[in-house]
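# A closer look at the structure
Now for the letters of each chain:
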Amino acid sequence: MGSRPVSVTVNGIAHTLDVEPRTLLAYFLRENLGLVGTKIGCDTSSCGACTVLLDGESVKSCTLFAVQADGHEVTTIEGLASDGQLHPLQQAFHENHGLQCGYCTPGMIMAALSYLQKNPEPSEESVRIALEGNLCRCTGYQNIVKSILAAAAELREPAAAGAATR
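First things first, this report covers the structure right here in the doc. None of these values were measured; they are calculated from a predicted model. (Residues numbered from 1 in each chain as written. Predicted model: local features only at pLDDT ≥ 70, side-chain atom pairs only at ≥ 80, totals over all residues. Heavy atoms only, no water.)

## Examining the environment of Ala-112
Inspection of the secondary structure puts Ala-112 in helix 3 (residues 105–118). Residue classification places Ala-112 among the buried positions, given a relative accessible area of 2%. Sequence separation of Ala-112 and Asn-134 is 22 residues, and the distance between their C-alpha atoms is 9.9 Å. (Helix = DSSP H or I, 4+ residues; strand = E, 2+ residues; numbered from the N terminus. Buried < 20%, exposed > 50% of the residue type's maximum accessible area, 1.4 Å probe, protein only.)

## Notes on unusual backbone geometry
The phi angle of most residues is negative, glycine excepted, and most peptide bonds adopt the trans form. The phi dihedral of His-97 falls on the positive side, at around 55°, and the residue is not glycine. Residue placement: His-97 occurs in the loop between helix 2 (88–95) and helix 3. In this structure, Tyr-141 is a non-glycine residue whose phi angle is positive, near 70°. Within the secondary structure, Tyr-141 is located in the loop between helix 4 (124–130) and helix 5 (142–164).

## Quick word on the environment of Ser-58
Inspection of the secondary structure puts Ser-58 in strand 4 (residues 57–60). Take Ser-58: its relative accessible area is 33%, and that puts it in the partly exposed class. With near-sequence residues (within four places) excluded, Ser-58 lies in contact with Thr-51, Val-52, Leu-53, Met-110, Ala-111 and Ser-114. (Contact = heavy atoms within 4.5 Å.)

## With respect to helix 2
Among all positions in helix 2, only Leu-89, Gln-90, Ala-92 and Phe-93 are buried. In a view along the axis of helix 2, the buried residues occupy a sector of 165°, so they form one face of it. In helix 2, the exposed residues that point more than 90 degrees away from the buried face are His-94 and Glu-95. (Arc of directions from axis to C-beta.)

## Quick notes on the packing of helix 2 against helix 3
Interaxial distance between helix 2 and helix 3 falls to 10 Å at its minimum, and their mutual angle equals 125°. Accordingly, the angle class assigned to the pair helix 2 and helix 3 is oblique. Two packed elements cross with a definite hand, and for helix 2 against helix 3 that hand is right-handed. Across the interface between the two elements, Leu-89, Gln-90 and Phe-93 from helix 2 touch Thr-105, Met-108, Ile-109, Ala-112, Leu-113 and Leu-116 from helix 3. Considering only residue class, the contact of helix 2 with helix 3 consists of seven nonpolar, two polar and no charged. (Axes fitted to C-alpha atoms, helices over the stretch in contact; angles between N-to-C directions. Parallel < 35°, antiparallel > 145°, perpendicular 65-115°, else oblique. Left-handed = near helix turned anticlockwise from the far one by under 90°. Nonpolar A, V, L, I, M, F, W, Y, C, P; charged D, E, K, R; others polar.)

The structure is reproduced here in structure tokens:
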């Protein structure tokens, strides 16, 4: 079985590369594109360390082949910061001590981003439920949840400010 061309936009940049059809999206991102923020924790979709956004939806990149992303848009943790400024979720994890070893953090942030795009005013309980597919082996999740709630408030603030000026 030979290589196959895959065209995918990753973090706003179009890429076309030949890959083996059996190459997992996680390995494509790490090995072919050098985006090592996407972690490989289990290869069974149990831990969520490999979570990225595919067309805006959180997916575990260890469960998809790179060829399945052909023609789609992928966002990784490296694609969140803009102009040297951390994304509000990244900043909130930093300010609220939402990480320890940091291994699960990229996947947590990507899963949280997808969740917050659909649920901008989450409760603590709903955040905990949304994170069920992402495991952290270092924390008790309290500061992760606190970080996501803080980011949700920050992300709502510009929208509220914009509405007030109209």
